[in-house]
There are 2 protein chains.
Amino acid sequence: MDIKNSVIAIARNAQAASRQLSRVSSTAKNTALLQMAEELLKNADRILAENARDVSLAKKSAALSKAMLERLTLSKKTITGMAQGMREVAALPDPTGKVTSMWRRPNGLLVGRMRIPLGVIGIIYESRPNVTADAAALCLKSGNAVILRGGSEAINSNLAICTILQNVLRKNALPEAAIQVIPITDREAVREMLQLEEYIDLIIPRGGEELIRAVVAESKIPVIKHYKGVCHIFVDAGADMEMAVNICCNAKAQRPGVCNALETLLVHKDIARKFLPLAAAALKKANVILKGCPQTRKLLKNIAAATEEDWYAEYLDLVLAVRIVDGIDEAIAHIEKYGSLHTEAIITKDYAHAQRFLNEVNSSTVLVNASTRFSDGFELGLGAEIGISTTKLHAYGPMGLEELTTAKFIIYGNGQVRT
Amino acid sequence: MDIKNSVIAIARNAQAASRQLSRVSSTAKNTALLQMAEELLKNADRILAENARDVSLAKKSAALSKAMLERLTLSKKTITGMAQGMREVAALPDPTGKVTSMWRRPNGLLVGRMRIPLGVIGIIYESRPNVTADAAALCLKSGNAVILRGGSEAINSNLAICTILQNVLRKNALPEAAIQVIPITDREAVREMLQLEEYIDLIIPRGGEELIRAVVAESKIPVIKHYKGVCHIFVDAGADMEMAVNICCNAKAQRPGVCNALETLLVHKDIARKFLPLAAAALKKANVILKGCPQTRKLLKNIAAATEEDWYAEYLDLVLAVRIVDGIDEAIAHIEKYGSLHTEAIITKDYAHAQRFLNEVNSSTVLVNASTRFSDGFELGLGAEIGISTTKLHAYGPMGLEELTTAKFIIYGNGQVRT
């Protein structure tokens, strides 16, 4: 079979599986998830052996950066984490079947909205083989079939994990095609997959901006994604100085390589002279390199100048751009111009400013007096996270299980016709 | 300016307008909507004159079908309808600013979700100039800027309506670019528009399947759409015969040219002998032509055979395909295979069958004992309708004002950092 027909066959089987899956009870899905956790642990050596093959091939070809090689490499600990993740998903409430509201029309029709699975979800990702297990768990729990398309560098690891999960599905009389890894490493397979709007309901790409832009450009299927996270903190005049320093350090340095890390710090001109030296000292301890606007550089000698590109930059590194602004209006205008609709925070004691920031900044997550690092499905209480969206359609911000469902209208009548 | 740059300028202005608009009070938006209603009526002659130009050009070129010519033609009555629509939208509740839920995290963070406008909405439509006013009203009310791209055949009518609405915006110190009609009739303008994901948040195409497929294939921006409505009614064994006949006639014949009209009737084999002659007689009175499966043709002589294509057909006409099935399983399987995820109904007295149909059929609207014609934003109590979606992302089924918004996370903290 050629690539096109192989991918179509996978997608067709996924659709058939998703229809079966939408009728499976929560109990049956949870039983399977708990068994999957056990089987991942039991077969850890097999997964690690396949992963070692991937890692050794990647090292030979030298195509992967050190960071990507690190993400590719599994250990007993990451496999234990995968199993633990399965158990946690099993313990979450099932988002399907929930009737969110119901109302009666003047003609007596009772109209409600019931949450149902999306159907078939395609995940396109790079290097990390643990995404295979994590995404499979979330899709299964929400009643969706999943088609996983990892990077060619992780193919042996991904197939090993998938086989273990499929064995559990089979033993539980659940459709095996509910979890599939595309075994074709040719890029053509992705291109074919992105055309299959008849079978696949949603594409979630996880990886670098380049990967995501390529997926959006080619896909006929809706894509949920964020290109980047250029997150801001605005330190207002009169902010609690210690709180502001603490939050800025946490947002920038606790894990600088993630999308909700701080990238640009905006400081009110009336607090800059006092706040910036304190913040700079704390950030320096955390090895953060600062780049500043001309006014910032008057207060902090020896830091580099921030250029226009810096305001757009997602460093994903221990680098922070700093700008002094006239007040909340200029801060909001800066975020509107340079932001990525991801996550922004204000540090303030001013009630009106807190409310204005929450109301007027339309990024997907907006915080008062807290670190941008909280923009995360687990931290916000969604119980899980399948991704973060900065596209306003369907889901905006961190996505949990509920975002893997949609709502249909259900209507109880007793003979009504339209006049 | 070339086409590309003209379209970019329009989209940029729309985005700037949308940011202003998201901060405008409901009162200000409603005031503008009521004035727009008045101005449409006051300027009816001007609109009709421009419309007459469009109609006369269309007649000369003979490129439009009779039905499209009919849709293109405005009258005093349609303009009164447009004005009335504006007033009705003004009276609806504002969907923005609503905080749908709020919860406290163990670390004290208070997390909520607030509904906000999508931003900029692009509407691509054919012939009907009243869509210009209707869509503009819904977008304005929900705080969105709108870019309207009607058919070239309606360009003078659309521009006339748009100018009237923009005058009201200007008088109310609202951004004029909140409502824009693309003045370029070249198809290139649509292609350019569909690339501008940086400025436009959502595309809603309204028109024939061909138009919609072309939009989906080219768009980088999320598209909400339905290709077609192949709606089914399943008449169960033991259904109330009079109710079933009544509902089938209403669903098929009350307005056959719309997407929620009945296209395929599925009849339980145990009721077919009694029900089909009654239904056929009533449908014949309504001038409906039947096509049947072999078993149906044994009971109803003189009707044509339904071919495989008939089960996929959206007739949009007084034609109905009829099939006898073994029971609810075969009915659901038929709908899964041939359906379009639009609207399906069961007519039954059986409690378990009613619940199974509601739970297992995952079309966007599923009814028990009521006509498929109720799948409509107004009829379901949404207050308005901007379109119907059979794509499961964001909105599924009829879309009202709320579907023109998204939800951002708002978070109240008091110094929390992530550990």
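It should be emphasised that the depicted structure is a prediction, and the values quoted were computed from it without experimental measurement. (Residues numbered from 1 in each chain as written. Chains lettered and ligands numbered in written order. Predicted model: local features only at pLDDT ≥ 70, side-chain atom pairs only at ≥ 80, totals over all residues.)

Thoughts on the pairing of strand β11 (residues 319–325) of chain B
All names here are of chain B.
At step 1: Most of β11 is tucked away, with six of its seven residues classed as buried.
At step 2: Bridge analysis of strand β8 (residues 262–268) against β11 gives five bridges, and the strand direction is parallel. Of the residues in β11, the one forming a bridge with H268 is V325.
At step 3: With four bridges connecting them, strand β9 (residues 289–292) and β11 associate as parallel partners. Across the sheet, G292 pairs through a bridge with V322, a residue of β11. (Buried ≥ 20, exposed ≤ 12 C-beta atoms within 10 Å, placed from the backbone. Helix = DSSP H or I, 4+ residues; strand = E, 2+ residues; numbered from the N terminus. Pairing = 2+ DSSP bridges.)

Observations regarding the nonpolar core
At step 1: M86 and I233 of chain A together with I233 of chain B are the most contacted members of the largest nonpolar core, which has 257 residues in total.
At step 2: Beyond its immediate stretch of four places on either side in the chain, I233 of chain B contacts I247, C248, A251, L262, L265, L266, A345, I347 and T372 of chain B. (Core = buried A, V, L, I, M, F, W, Y, C linked by C-beta atoms within 7 Å. Contact = placed C-beta atoms within 7 Å.)

Describing the sheet that holds strand β6 (residues 202–206) of chain A
Consider a sheet: its strands pair through backbone hydrogen bonds, and that pairing is either parallel or antiparallel.
Residue and element names in this part refer to chain A.
At step 1: The four strands lie next to each other as β5-β4-β3-β6, forming an open sheet whose pairing is parallel. The outermost strands of the open sheet, each flanked by one partner alone, are β5 (179–181) and β6. Between one strand axis and the next, the sheet turns through 20° on average, direction left out of account.
At step 2: Relative to strand β4 (residues 145–149), strand β3 (residues 120–125) runs parallel, the two sharing five bridges. Within the sheet, the bridge partner assigned to I121 lies in β4 and is V146.
At step 3: Of the strands in this sheet, β3, β4 and β5 touch helix α1 (residues 3–21), which is tilted by about 150° from β4. (Axes fitted to C-alpha atoms, helices over the stretch in contact; angles between N-to-C directions.)

Considering the relation of the copies chain A and chain B
At step 1: Mapping chain A onto chain B is achieved by rotating through 180° and translating by 0.0 Å along the same axis, at an RMSD of 0.0 Å. Put plainly, the chains are arranged around a two-fold axis. Across chain A, the smallest distance between a C-alpha and the rotation axis is recorded for H394 of chain A, namely 1.7 Å.
At step 2: Taken as a fraction of all interface residues of chain A, those also at the interface in chain B reach 100%, which identifies the copy contact as same-surface. (Least-squares fit on C-alpha atoms with pLDDT ≥ 70 in both.)

Some details on the domain arrangement of chain A
At step 1: Once the domains are mapped, chain A shows domain 1 (3–225) and domain 2 (231–379).
At step 2: For domain 1 of chain A versus domain 2 of chain A, the distance between C-alpha centres works out to 36 Å. (Domains from an automatic or database assignment.)

A short note on helix α7 (residues 155–171) of chain A
Residue and element names in this part refer to chain A.
At step 1: For α7, built from 17 residues, the straight-helix expectation of 24 Å at 1.5 Å per residue is met to within 8% by its first-to-last C-alpha distance of 24 Å.
At step 2: Listed in full, the buried residues belonging to α7 are I155, S157, N158, A160, I161, C162, L165, Q166, V168 and L169.
At step 3: Looking at the residues trailing α7, positive phi occurs at A173, about 55°. (Expected span 1.5 Å × (residues − 1).)

Points about the interface of chain A and chain B
Note on interface size: it is often stated as the accessible area lost on association of the parts.
At step 1: The partner chain B presents 58 residues to the 58 residues of chain A that form the contact.
At step 2: Elements with a contribution of two residues or more to the side of chain A that touches chain B: β2 (110–117), α9 (209–218), α10 (241–253), α15 (351–360), β13 (365–370) and β16 (405–416) of chain A.
At step 3: Residue contributions to the side of chain A that touches chain B peak at eleven residues, all from β16 of chain A.
At step 4: Classifying every residue of the side of chain A that touches chain B gives 26 nonpolar, 20 polar and twelve charged.
At step 5: Examined bridge by bridge, β13 of chain A and strand β16 (residues 405–416) of chain B share five bridges and lie parallel to one another. (Nonpolar A, V, L, I, M, F, W, Y, C, P; charged D, E, K, R; others polar.)

A few points about the packing of helix α3 (residues 44–61) of chain A against α7 of chain A
Helix packing geometry: the angle between the two helix axes and the distance between the axes.
Residue and element names in this part refer to chain A.
At step 1: For the pair α3 and α7, interaxial distance at closest approach is 7 Å and the crossing angle is 160°. With respect to each other, α3 and α7 are oriented roughly antiparallel. Taken as a pair, α3 and α7 cross one another with a handedness that is right-handed. The residues of α7 that touch α3, namely those facing R46, I47, E50, N51, R53 and D54, are I155, N156, S157, A160 and I161.
At step 2: Looking at the contact of α3 with α7, its residues break down into four nonpolar, three polar and four charged. (Parallel < 35°, antiparallel > 145°, perpendicular 65-115°, else oblique. Left-handed = near helix turned anticlockwise from the far one by under 90°.)

Quick notes on the packing of helix α2 (residues 26–42) of chain B against helix α6 (residues 130–141) of chain B
All names here are of chain B.
At step 1: The geometry of α2 relative to α6 is characterised by a closest axis approach of 10 Å and an angle of 165° between their N-to-C directions. The pairing of α2 with α6 is recorded here as roughly antiparallel in orientation. Two packed elements cross with a definite hand, and for α2 against α6 that hand is right-handed. Taking contact as the criterion, the partners of K29, A32, L33 and L40 in α2 are, on α6, A133, A137, L140 and K141.
At step 2: Within the contact of α2 with α6, the residues separate by chemical class into six nonpolar, no polar and two charged.

Topic: the environment of A244 of chain B
At step 1: Of note, A244 of chain B is situated in helix α10 (residues 241–253).
At step 2: Once you skip the residues sitting within four places of it in the chain, A244 of chain B turns out to touch V235, A239, F275 and I347 of chain B.

Points about the environment of R213 of chain B
Residues and elements named next belong to chain B.
At step 1: Its place among the elements puts R213 in helix α9 (residues 209–218).
At step 2: With 15 C-beta atoms counted inside 10 Å, the residue R213 sits in the partly exposed group.
At step 3: As a C-alpha pair, R213 and H226 span 13 residues in sequence and 9.6 Å in three-dimensional space.

Observations concerning the sheet that holds strand β3 (residues 120–125) of chain B
All names here are of chain B.
At step 1: Spatial ordering of the open sheet is given by β5-β4-β3-β6, a layout of four strands whose pairing is parallel. The strands lining the two open edges of the sheet, one partner per strand, are β5 (179–181) and β6 (202–206). On average, adjacent strands in this sheet sit at an angle of 20° to one another, irrespective of strand direction.
At step 2: Of the strands in this sheet, β3, β4 (145–149), β5 and β6 are in contact with α6, which crosses β4 at around 165°.
At step 3: Contacts from helix α7 (residues 155–171) reach β4 and β5 within the one sheet, and its direction differs from that of β5 by about 160°.

Points about helix α3 (residues 44–61) of chain B
Residues and elements named next belong to chain B.
At step 1: Helix length check: α3, at 18 residues, gives a terminal C-alpha distance of 26 Å against a target of 26 Å (1.5 Å per residue), a fit within 8%.
At step 2: Every buried residue of α3 is accounted for by I47, E50, N51, D54, V55 and A58. The buried residues of α3 all sit within an arc of 145° when viewed along its axis, so they share a single face. What points out from α3, more than 90 degrees from its buried face, is the exposed set D45, S56, K59 and K60.
At step 3: Looking at the buried positions of α3, the neighbouring elements they touch are α4 (66–72), α5 (76–91) and α7.
At step 4: Two residues or fewer past α3, A62 is found with a positive phi of approximately 55°. (Arc of directions from axis to C-beta.)

Some remarks on the environment of E218 of chain A
Residues and elements named next belong to chain A.
At step 1: Mapping E218 onto the fold places it in helix α9.
At step 2: Given 16 C-beta atoms within 10 Å, E218 falls into the partly exposed group.
At step 3: Linking E218 and E192, residues 26 residues apart in sequence, is a C-alpha distance of 9.5 Å.
At step 4: Among all residues touching E218, those that are not within four sequence positions of it are R191 and L194.

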